[in-house]
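# Coordinates in review
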Amino acid sequence: VKIEIQRLAAAENVKLFRLQTASTFLLAQSVRKDPSCEFFEVSLEPTFLLKNACAKEIFYRIFSEEDSDSSIRKLEPQETAHKNKISIKQTVSIQVRVQGFFWSKKVVLYSPENKSDVETEILLYDSTGNPVSIFVFSPSKEVGTRKFYFYTKACIINETPYLLDYFVPGDHDHPERLPGQ
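Attention here is on the structure that accompanies the text. Quantities reported herein were computed from a predicted structural model and do not represent experimental measurements. (Residues numbered from 1 in each chain as written. Predicted model: local features only at pLDDT ≥ 70, side-chain atom pairs only at ≥ 80, totals over all residues. Heavy atoms only, no water.)

## Details of the packing of aromatic side chains
Counted according to the given criterion, the structure contains three aromatic pairs. Ring centres of Phe 48 and Tyr 110 lie 5.1 Å apart, and the angle between their planes is 75 degrees; on these two criteria the pair is classed as edge-to-face. Residue Phe 48 is located in strand S4 (residues 48–52), and its partner Tyr 110 is located in strand S9 (residues 107–110); the two are separated by 62 residues in the primary sequence. The burial state of Phe 48 is the same as that of Tyr 110; both residues are buried. Residues Phe 48 and Phe 148 carry aromatic rings whose centres are separated by 5.6 Å and whose planes lie at 25 degrees to one another, so their mutual orientation is stacked. Taken as a pair, Phe 48 in strand S4 and Phe 148 in strand S12 (residues 146–151) lie far apart in primary sequence, 100 residues in all. For the pair formed by Phe 48 and Phe 148, the shared burial category is buried. Within the aromatic cluster, the residues linked to one another by ring pairs are Phe 48, Tyr 110 and Phe 148. A cation sits over an aromatic face here: Arg 61 above Trp 103, 4.1 Å from the ring centre. It is Lys 153 that lies over the ring of Phe 135; its NZ or CZ is 4.4 Å from the centre. (Phe/Tyr/Trp six-rings, centres within 6.5 Å; stacked < 30°, edge-to-face > 60°. Helix = DSSP H or I, 4+ residues; strand = E, 2+ residues; numbered from the N terminus. Buried < 20%, exposed > 50% of the residue type's maximum accessible area, 1.4 Å probe, protein only. Lys NZ or Arg CZ within 6 Å of the ring centre and 35° of its normal.)

This is the structure we're talking about:
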């Protein structure tokens, strides 16, 4: 890391470096507040940030070439997790589960070739086959940490002891069971 920091100090116009230790990847960003000053700030950031913007906890497993640990992790509502054992030079996949639903299929979360904003839909199914969608949005315009926001476009949480059915507008003869009950 010392060599990289020295190179960072010598580089006048470079703002972002990737640092790698034995098992960790970090992004180092330099900020020189005054061009005449020889000192500058260095901020170290994780390569990936996951944020649960859903109303319920999300369980997830991340798969990548560098990180062989695909253990189950949990994100509480509005919680953020930093991932620094994953390189931004490789494709990253994810599986997701919410209480009342089975694990999703593996979905590509990040690909180094994709340089645009990405919105990915992850389908989850309950025991009766009813689907629900969780979306992941990743803005590409930001420099540094790649951020992933998990959210739903609509959410009904049944906390009653009763099973809820719903009707599609115009079809009141065929009620459907609310997924995840």
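## Overview of the pairing of strand S7 (residues 80–83)
Residues of S7 alternate between two faces, with Ala 81 and Lys 83 buried on one and Thr 80 and His 82 left unburied on the opposite face. As defined by bridge partners, S4 adjoins S7 across four bridges and the pair is classed as antiparallel. For Leu 49, the partnering residue across the bridge sits in S7 and is His 82. (Pairing = 2+ DSSP bridges.)

## Some thoughts on the sheet that holds strand S5 (residues 58–64)
Read from one edge of the open sheet, four strands run S6-S5-S8-S9, paired in antiparallel fashion. Each end of this open sheet is capped by a strand with a single partner; those strands are strand S6 (73–75) and S9. If you compare each strand with its neighbour and ignore which way they point, the axes differ by 45 degrees on average. As defined by bridge partners, S5 adjoins S6 across three bridges and the pair is classed as antiparallel. Considered in S6, the bridge of Tyr 60 is made with Arg 73. (Axes fitted to C-alpha atoms, helices over the stretch in contact; angles between N-to-C directions.)

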